[in-house]
Amino acid sequence: MPRIDRRTFLRRLGSSTAGLASWPIVAGAASAVGAGALAGCDTSAAGSATTALLDRIGVQLYTLRTEMEKGVGPVLEQVARIGYSEVEFAGYFNLPPAELRSMLDANGLTAPSAHVDFNGLLTSSEPALDAAATLGHQWLVVAWLPTELRATLDDYKRRAEDFNRLGEACVARGMRFAYHNHDFEFAPLDGAKGYDTLLANCDPSLVDFELDLFWVTRAGQQPLDYFARAPGRFPMVHAKDMDGSPEHRMVDVGSGTIDFAAIFARGEQAGLRHVFVEHDEPADPWASVRASFTALRAMDA
């Protein structure tokens with residue numbers, strides 16, 4: 001089966017109600033800590049916070065999309081056997097939300113969030129919100145912006161306006177809205193960065209951010225810098241690693257150069273509540289999610 005990139009995958013999601021997915025943050029769950037609040041804190045406290053965070057490791061099911069196409073139920077069963085307690089959806093694979101919720105419950109899994117196609121969500125948010133309510137999502141997350149919608153800084157300002165409106169719709173249903181980055185948001189654009197423009201123009205009471213630790217690092221940025229600049233706004237991260245090659249390839253957690261322990265130690269400052277393992281193009285999806293889980297679990301020992 002040919003591999004499908006995220007953009008194509010998300011466009012397919014937007015073509016049907018079954019593809020819609022969402023995640024919200026429980027209002028008030030993220031504690032905003034000042035930029036210097038963790039300076040001088042003892043390492044045992046940081047270690048305790050990391051342990052609590054990694055007690056419930058999640059996986060972004062996009063990593064297992066080829067397996068999900070064969071059968072969602074067996075995938076959720078195996079994910080739970082590995083030790084994951086949370087999942088993040090990227091499409092519902094034509095299954096009714098109520099049926100998916102039963103599968104989650106049967107395997108002791110929860111789904112705090114799900115990725116959703118931006119254009120589909122703008123067209124009609126109610127199907128995604130209805131599905132989210134059934135599945136127990138707390139966030140609706142947009143995971144990609146088409147190139148034509150982010151060509152200028154003014155485009156990013158307009159997207160921030162869109163995000164605020166979507167955030168209002170989510171909050172009205174007891175959920176929240178979030179945005180997941182790649183690396184293009186950090187490219188210089190008219191003397192600034194698209195990501196910084198989103199942070200500046202999105203209402204913190206309505207819009208959260210899921211920081212992809214691979215893509216932000218690959219773009220030459222430091223996650224800890226963003227935690228300090230925008231404390232409390234990052235309730236979720238994608239944990240994926242980057243090797244030391246000139247190509248900066250994506251690899252399983254623990255086999256690359258990203259300092260996850262330092263990142264998780266600043267989780268309170270970030271407002272971090274959920275960690276989702278992901279690999280966009282794994283050679284062996286099951287081997288990848290097992291290796292990343294093992295590496296993360298070792299960090300809370």
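Residues numbered from 1 in each chain as written. Predicted model: local features only at pLDDT ≥ 70, side-chain atom pairs only at ≥ 80, totals over all residues. Heavy atoms only, no water.

Q: Go over the pairing of strand β9 (residues 236-239), please, and point to the residues and values.
A: Across the two faces of β9 the burial is the same, with M236 and H238 and V237 and A239 all buried. One ladder, built from three bridges, connects strand β8 (residues 207-212) with β9; its direction is parallel. Paired with E210 across the two strands is M236, which belongs to β9. Alignment of β9 against strand β12 (residues 274-277), held across four bridges, turns out to be parallel. Each bridged residue has a counterpart across the sheet, and for H238 the counterpart in β12 is F276. (Buried < 20%, exposed > 50% of the residue type's maximum accessible area, 1.4 Å probe, protein only. Helix = DSSP H or I, 4+ residues; strand = E, 2+ residues; numbered from the N terminus. Pairing = 2+ DSSP bridges.)

Q: Tell me what's going on with the pairing of β12, and back it up with residues and numbers.
A: Neither face of β12 is open: one carries H274 and F276, the other V275 and V277, and all of them are buried. Across two bridges, strand β1 (residues 58-60) lies against β12 in parallel orientation. Paired with V59 across the two strands is V277, which belongs to β12.

Q: Please give an account of the environment of G91 that cites residues and values.
A: As for its placement among the helices and strands, G91 is situated in the loop between β2 (86-90) and α5 (97-106). Note: C-alpha distance between G91 and V116 (25 residues apart in sequence) is 7.4 Å.

Q: I'd like a description of unusual backbone geometry, backed by residues and values.
A: Despite not being glycine, F93 has its phi angle at roughly 55°, a positive value. Along the chain, the position of F93 falls in the loop between β2 and α5. The phi angle at D190 is positive, at roughly 50°, despite the residue not being glycine. Position of D190 among the secondary structure elements: in the loop between β6 (188-189) and β7 (192-193). What makes D190 exposed here is its relative accessible area of 62%.

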